[in-house]
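The primary structure of each chain is shown beneath.
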Amino acid sequence: MSIVHKIGRRKTSVARVYVKPGSGVITVNGKDAATYFSTDVMVYKLNQPFILSETAGQYDVTVNVFGGGNTGQAEAIRLGISRALCEINAEYRLALKPAGLLTRDARMVERKKPGQKKARKRFQFSKR
């Protein structure tokens, strides 16, 4: 098996994920995942597809990610890894789909409207 390339997106983050057989090393933008994402919750999100498909430590992952914040980037990477695992073995889909890891979360930030304070918040009305 060669390298599998997939793309994951979340909010404004885009992650290009490359998965190949290896020892379970995850590299994000040239750094180790634990260094790039400071919290354990973010690192767990990256490992979640491997835990559910029972393939932890079997694949090396290299990621180029840009845009958005920490959470958006972590979830974009998670989607990319899940898609790559499904291409490697279609049976992983049975474990990943019910957990919601193959669903692209399409929620984006709503734009600010003219004449308003924020996207939905209005300026206060006074009768003076």
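One structure accompanies this document, and this report is about it. Computed from a predicted structure; not experimentally measured. (Residues numbered from 1 in each chain as written. Predicted model: local features only at pLDDT ≥ 70, side-chain atom pairs only at ≥ 80, totals over all residues. Heavy atoms only, no water.)

Before going further, it helps to spend a moment on the pattern of salt bridges. Following the criterion strictly, the structure yields seven salt bridges and no others. Glu 110 is the salt-bridge partner of Arg 120, the closest N and O atoms lying 3.0 Å from each other. Of this pair, Arg 120 sits in the segment after α4 (93-96) while Glu 110 sits in the segment after α4, and the two are ten residues apart along the sequence. According to the relative accessible area criterion, Arg 120 is exposed, its value standing at 62%. Several salt bridges share partner residues, and in doing so they unite Arg 10, Lys 45, Glu 75, Asp 105 and Arg 107 into one network. (Salt bridge = Lys/Arg side-chain N within 4 Å of Asp/Glu carboxyl O. Helix = DSSP H or I, 4+ residues; strand = E, 2+ residues; numbered from the N terminus. Buried < 20%, exposed > 50% of the residue type's maximum accessible area, 1.4 Å probe, protein only.)

With that settled, the discussion passes to the side chain of Gln 73. Relative to the assigned elements, Gln 73 resides in helix α3 (residues 70-88). A residue is classified by how much of its surface remains accessible, and Gln 73, at 7% relative accessible area, is buried. Among the polar contacts made by the side chain of Gln 73, one reaches the side chain of Tyr 36 at a distance of 2.9 Å. Setting aside chain neighbours within four positions, we find Gln 73 in contact with Ser 13, Tyr 36, Phe 37, Val 65, Phe 66, Gly 67 and Gly 68. (Polar contact = N/O pair within 3.5 Å; in protein donor to acceptor, adjacent residues only side chain to side chain. Contact = heavy atoms within 4.5 Å.)

Turning to the side chain of Lys 45, a few remarks are in order. Here Lys 45 shows up in helix α2 (residues 40-52). Residues within four places of Lys 45 in sequence aside, it is in contact with Thr 71, Glu 75 and Arg 78.

Interpretation note: all reported values are geometric properties and have no functional meaning in isolation.
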